[in-house]
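What the coordinates show
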Amino acid sequence: MQYFTEHKWIQFVALLAVFYALVMAIDPATGGNLWRLQETRFWLLPDVVNDGLKFLINDFWVVEVYDAELDLTEESTMMKEFTRGLSGVVLFSINLIRELLLGGVKTVVAFTSWDFISANEWARIPALPWPAVAAGAFLTGHYLGGRNLSILAGASTIYIAVFGQWTPAMQTLSFVLVTVPLSFVLGLVFGTIAFKSKTFEAILAPLLNVAQSMPHFSYLIPVVVFFGIGDHAGAISTVIFATPPMIRLTILGLKKVSPEVLEAGMMSGCNSRQLMFRVLIPSARHDILIGVNQVIMQCLAMAVIASFIGARGLGYELLVSLNSLNIGQALELGVSIVLIAVVLDRLSLAWANKQIDYLADRPFHVRHRYSLAFLGILIVTSVIAYLASMVFPDKANYLYFIHESQGLSTERFWDFIVDWLITNTYNSVQSFNFFMTTSILMPMKEAYLSMPVAATLFLVAGTGYIVGGLRSAIIVTAFIGFIALTPWWDRALITAYMATFAVISSVIIGCSVGILCSRSPRATKVILLVCDTFQTFPSFVYLIPVIMLFGVSDLSVLIAVIVYATIPATRYTVEGLSNVPQTLQEAGSMSGVNRLQRLLKIELPLAFPHIMLGINQTVIFSLFMIIIGAFIGTDDLGQLIMQSLSQANGMGQGIVLGLCVAFIGLAVDHLIHTWAEQRKKVLGIA
Amino acid sequence: MSTSTQPVIKCESVYKIFGDNAVKILEQSGGKVETASLLEAGCVIGVNNASFEVHKGEIVVVMGLSGSGKSTLLRCISRLIDTTAGDIFIDGEDLLAMNDKELINIRRNKMGMVFQNFALLPHKTVLENIALPLQVKGMSTSDSMDRAIDMVNLVELTGRENYFPRQLSGGQQQRVGIARSLAVEPDIWFLDEPFSALDPLIRREMQDEFLRLQSVLNKTILFVTHDFDEALRLADRIAIMKDGVIEQIDTPANIVLNPATEYVAKFTREVPRERVLSCQTIMAKYDASAELSAITVSEDAIIETVAEPVLTEQKPVAVTDAEGKIVGVLNSNIMIDVLFGDTNSLPVNT
């Protein structure tokens, strides 16, 4: 008996045995509530949520609003007025930046009226010539990060222009230039408040947990109801999605600042504002920068998904071309999105690391040489563009703007490749597809679906108990029990089966690659760089090559998920292994271990808690990607979320479905974190 | 040492107790706080009834082992933490009664502090770090940079103005810390174990640097250390702390000669007396009829520095005061006693 209580693996074996017995004992036909929970009042939850939010919008806090144009006093609600105001501000900011880049009249209209525009043709913001924007990108890159960055930024802009994606790319850029600073500022503000107030942090923490594990799509539905459809709605849902990681990293960074540095700031005579902005936030810069990086990544990922609710730009074009299976175009668009992501990411990093030279005493034209150069280029390119349009009034003006139909395109080449792949590899891909589907995926799916709800909950509770005692058992059972109470238990099982398959594959690939790469310092560097780069890709982009190679099927979703989710597994394995203390490695070497023994006996056990955190990330990443995979066509929770997007009363359903996905993630997250904390304590590396 | 009548820093019955019911417990105990009973109540004592004064231009070193409350005392006086009870006066002003604005004002103009682990801002260069206290005061960038460059020269870091802290050695980083704390020309200088994180050789060098700066600047200094030798070397007066209580506060010589408690005596037992005591403390009475040697020594001279000439003289050596008047004599017998004799048999004049 003592042996049983001391050894967790025996407990697990026993747990599995009981689980299996339960599965065998409960018959689908006669099992009743043990097989699947029957319909209860809980099924009304989506409607309750829906009605609650509707009430908030339509009947709560009624106010009188005076409409100046109609000269009428109308009844409205506070929530409506608030969302209307917010939408207006966001939309104005997006349009302002968009029209600076692309030209337009909406900004002028905002201050005057449409009549004024029709009366005065000159009253519009002219578009910048693309060479001026490219020069601007080049100069910014050079100013912030020197030659390499300037080439990256300049070349990316030229690529976008030359390939005829100027309009959608600038739309996306204006979208991102509004959402990124907004998320950054909001995250910083909430993070600092949480850092100062323990109560606020305690309230915020669970909200952040849920927010960070809700799939992207679930954010869209309430946003549409509250804010309608369009760029502003897309931007607002993006900000809601991108802010939580920023908040979290801000708190983390501020907490890591050493108390002495804080005291040094106080003794230097800083008031509380100076202390925050000159001492604390800059000292927490490292983590805050990771936050910025996350924000940029999330904003671009959402830029694609937000196009479901009317955000224009590359994302929308990508969606259209994927829908019509126009793989070549999708690929080019994907490259543009990735380029914007990478350039913005690098520019923000370089900006934060920028150093000012106080000693140099330089004249005006040297200090402002970048601004002056940009001004010069702007004038020259505008003049050239203007002259060109005078000389060739009927021709397309390539020096000013390259239209989609006039740009270069490799579309045909890629379409040819896809055609070639389809004709030449059709049989082998099909047979692989067939094999995977019939011998692995379908049996696995059926096995999951044949689990009685009682047995599953027992397994979950038991795992929780073994890992973290009674508290963990209650927490994870509550998470999973919530899903069992909803009408979507079977869908959740399908999501779970896909996640299991993807996570296992990702972990096997990621850990193997990680272990192999950690053997040499150079390979470590390379693989971390690769992970960094792949992480900047918006999740949607991963679907493009997969559809190109494998067509539209469950398997292609899973492959995209696996590719996407392998990144954190690899990264954390490499990091975990390279963070094993040098002294322990040396102690091992002096004990006469060979390389394999050192890996198995010293490095892996010590790195294991960190690797588990990577696996945790893998789980969350794969859940997100599986939900996005609904776009290709799956039959899990994600599909239902997509559907509720187009239903009139889908809001409650969408939120509850999103919570179901979030709770799967949170249950896994809780188990892994509890285990890793215990393990770290045992190893003394907490 | 004490030149003006008003002390720069004055502490009266300062208490700091960590824990939830600190104030209540203190009121109940009526000023007599026992460590053991506090622990029972879930509280920890930081400073227990500390009263002392620091005068202008004086270096007071607070010495104690870790957990003795020396850093807590320093943080009470700089008001980085709030005291539980007692009064602290800075130049006669009640520090504890100040509001935030006044406190910031006094820190911007009167106080400077150096930290054990340097506490430099990692994202700022040497110059920017030093200029921080000036800039938060509202000084313009060019003025604060000029002043920061002066400070860089003062701490002998010229040529490293644009280095980041991570590019500097520990000793250099602490020079930056010192420069930053002195940038606003404070009257009061707090140093919290400034040299404890440094290697022994560098520590010695930095102590010399500290004494050199003090000879130029003449600040009022509160210096915290756990190193008794460092305290002896730098202090005008030493306060020895244990469990939050100041066991003794006195000149190095008096602490070595007359330890007030058993605890203080433990520190002084191993101290080489000839390095601490001056001739004045051990000289014998001057008998006008006696024949004296040709050389004389100053009454303030540390014994170690005059031991060799005194020992090589056959006749007694005269000890003179600042005006050259003979105030006592030293002979080789006294010297040998001091250098090699038993502690208790010293002919000490206190």
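Conventions adopted
- Throughout, a residue's number is its position along its own chain's written sequence, starting from 1.
- Whichever chain is written first becomes A and whichever ligand is written first becomes 1, with later ones labelled in order.
- Two thresholds apply to this predicted model, a pLDDT of at least 70 for residue-level local features and 80 or more for giving and counting side-chain atom pairs, whereas whole-chain, interface and lining totals are computed over all residues.
- Helix and strand assignments follow DSSP, with helices taken as H or I runs no shorter than four residues and strands as E runs no shorter than two, numbered in order from the N terminus.
- Think of it as a crowd count around each C-beta: if 20 or more other C-beta atoms lie within 10 Å the residue is buried, if 12 or fewer it is exposed, and in between it is partly exposed, with C-beta placed from the backbone throughout.
- A residue pair is marked as a contact if its C-beta atoms, positioned from the backbone, fall within 7 Å.
- Here the bounds of each domain stem from an automatic or database domain assignment.
- The rule for pairing is simple: two strands pair if DSSP sees at least two bridges between them.
- Three classes are used, and their members are as follows: Ala, Val, Leu, Ile, Met, Phe, Trp, Tyr, Cys and Pro are nonpolar, Asp, Glu, Lys and Arg are charged, and the others, Gly among them, are polar.
- Note on handedness: a crossover is taken as right-handed if, strands pointing away from the viewer, the path from the first strand over the helix to the second is clockwise.
- Lines are fitted to the C-alpha atoms to define the axes, a helix being fitted only along its stretch in contact, and any angle between axes, read from their N-to-C directions, falls within 0 to 180 degrees.
- Helix crossings fall into two classes, left-handed where the near helix is turned counterclockwise from the far one by less than a right angle and right-handed where it is turned clockwise.
- Expected helix span is computed as 1.5 Å times (number of residues minus one).
- Orientation is classified from the angle alone, with under 35 degrees giving roughly parallel, over 145 giving roughly antiparallel, 65 to 115 giving roughly perpendicular, and any other angle giving oblique.
- The predictor attaches a confidence to each residue, and that confidence, scored 0 to 100, is pLDDT.

Here we take up the overall build of chain B. Helix and strand counts for chain B stand at 14 helices and 13 strands. Along the longest, intermediate and shortest principal axes, the C-alpha atoms of chain B span 70 × 60 × 40 Å. Residues classed as buried in chain B amount to 44% of the 350 residues present.

All right, on to the overall build of chain A then. Scanning chain A for helices and strands turns up 28 helices and two strands. Across its three principal directions, the C-alpha atoms of chain A cover 90 × 65 × 65 Å. Relative to its full complement of 686 residues, chain A shows a buried share of 43%. Long-range contacts, defined as pairs at least 24 residues apart, comprise 76% of the intrachain contacts of chain A with a sequence gap of at least 6.

Along its sequence, chain B is organised into domain 1 (9-110 + 186-271) and domain 2 (277-345). Taking only C-alpha atoms, the centre of domain 1 of chain B and the centre of domain 2 of chain B are 35 Å apart.

So, on to the sheet that holds strand β4 (residues 85-90) of chain B. By definition, the strands of a sheet pair up through backbone hydrogen bonds, in either a parallel or an antiparallel sense. Residues and elements named next belong to chain B. Taken in spatial order, the four strands line up as β2-β1-β4-β5 in an open sheet, and their pairing is antiparallel. Looking along the sheet, the strands with just one partner apiece sit at the ends: β2 (44-54) and β5 (93-94). One ladder, built from seven bridges, connects strand β1 (residues 9-18) with β2; its direction is antiparallel. The residue of β2 that forms the bridge with K16 is V47.

On the side of chain B, 22 residues touch chain A, which itself brings 20 residues to the contact. For the side of chain A that touches chain B, the secondary-structure elements that each account for two or more residues are α12 (259-267) and α13 (272-283) of chain A. Looking at the side of chain A that touches chain B residue by residue, the class counts come to nine nonpolar, six polar and five charged.

One non-glycine residue, D91 of chain B, lies in positive phi territory at about 50 degrees. Considering the arrangement of structural elements, one finds D91 of chain B in the loop between β4 and β5.

A word on the domain arrangement of chain A. Residues and elements named next belong to chain A. Splitting chain A by domain gives domain 1 (1-60 + 452-485), domain 2 (61-119), domain 3 (130-409) and domain 4 (488-683). The interface of domain 2 with domain 3 comprises 10 residues on the first partner and 16 residues on the second. Partitioned by chemical class, the residues of the side of domain 2 that touches domain 3 number six nonpolar, three polar and one charged.

Turning next to the pairing of strand β12 (residues 317-320) of chain B. All names here are of chain B. As paired elements, strand β11 (residues 296-298) and β12 share three bridges and run parallel to each other. What sits directly across from T296, in β12, is A318. Regarding the hand of the β-α-β motif, the stretch spanning β11, helix α13 (residues 303-312) and β12 is right-handed. As judged from the four bridges shared by β12 and strand β13 (residues 326-330), these two strands associate in the antiparallel manner. By the bridge assignment for β13, A318 is matched with V329. The loop that links β12 with its antiparallel partner β13 comprises five residues; one of these, G324, has a positive phi angle of about 90 degrees.

Residues and elements named next belong to chain A. With their axes 11 Å apart at the nearest point, helix α8 (residues 166-196) and helix α16 (residues 327-352) run at an angle of 40 degrees to one another. In this structure, the crossing between α8 and α16 has a hand that is right-handed. On the side of α8, the interface is formed by A169, T172, L173 and V176, while α16 contributes S336, I340 and L344. Across the contact of α8 with α16, the residue classes break down as five nonpolar, two polar and no charged.

Quick look at the environment of V338 of chain B now. Examined against the element boundaries, V338 of chain B turns out to sit in helix α14 (residues 332-340). V338 of chain B sits 261 residues away from I77 of chain B along the chain, and the two C-alpha atoms are 39 Å apart.

The next subject is helix α6 (residues 141-154) of chain B. Between the first and last C-alpha of α6 of chain B there are 20 Å, a value that for 14 residues agrees with the 20 Å anticipated at 1.5 Å per step. Looking one or two residues past α6 of chain B, E156 of chain B carries a phi angle of roughly 60 degrees, positive in sign.

Residue and element names in this part refer to chain B. Here strand β7 (residues 188-192) lies mainly inside the structure; five of its five residues are buried. Going residue by residue along β7, you find I188, F190 and D192 tucked away on one face and W189 and L191 tucked away on the opposite face as well. With four bridges joining them, strand β6 (residues 111-114) and β7 adopt parallel strand pairing. The residue bridging M113 from the neighbouring strand is F190, located in β7. In this structure, β7 lies alongside strand β8 (residues 220-225), joined through five bridges in parallel fashion.

Right, let's get into the environment of G19 of chain B. All names here are of chain B. As for its position among the elements, G19 is in the loop between β1 and α1 (22-29). For G19, a count of 16 C-beta atoms within 10 Å corresponds to the partly exposed category. Sequence separation between G19 and V271 is 252 residues, and the spatial gap between their C-alpha atoms is 37 Å.

Think of two packed helices as two axes; the pair is described by the angle between the axes and how far apart they sit. All names here are of chain A. Helix α9 (residues 198-213) packs onto α8 with a crossing angle of 125 degrees between their chain directions and a minimal axis gap of 5 Å. Compared by their axis directions, α8 and α9 come out oblique. Residue-level contacts link F190, I193 and A194 of α8 to F200, E201 and L204 of α9. Looking at the contact of α8 with α9, its residues break down into five nonpolar, no polar and one charged.

As a further point, take helix α7 (residues 170-182) of chain B. Residues and elements named next belong to chain B. The end-to-end C-alpha distance of α7, which contains 13 residues, comes to 18 Å, matching closely the 18 Å that a straight helix rising 1.5 Å per residue would cover. Judged by how many residues are buried, α7 sits mostly within the fold: 10 of 13 residues are covered. Of the residues making up α7, those classed as buried are Q173, Q174, R175, V176, G177, I178, A179, R180, S181 and L182. Buried residues in α7 make contact with β6, α5 (126-137), α6, β7 and α8 (200-217).

Here the focus is the confidence of the model for chain B. Detailed reading of the predicted model is not advised wherever pLDDT is low. Summary statistics for chain B give a mean pLDDT of 86 and a share of 96% for residues scoring 70 or more. Interface predicted TM-score (ipTM) for the complex: 0.81; the corresponding pTM is 0.81.

Residue and element names in this part refer to chain B. Ordered by their spatial adjacency, six strands build an open sheet running β6-β7-β8-β3-β9-β10, and the pairing between neighbours is mixed. Edge strands, defined here as strands with exactly one partner in the open sheet, are β6 and β10 (245-250). Strand-to-strand twist across the sheet, computed as the mean angle between neighbouring axes with direction ignored, equals 15 degrees.

The residue S87 of chain A is located in helix α4 (residues 78-102) in this model. With near-sequence residues (within four places) excluded, S87 of chain A lies in contact with F227, G228 and H232 of chain A.

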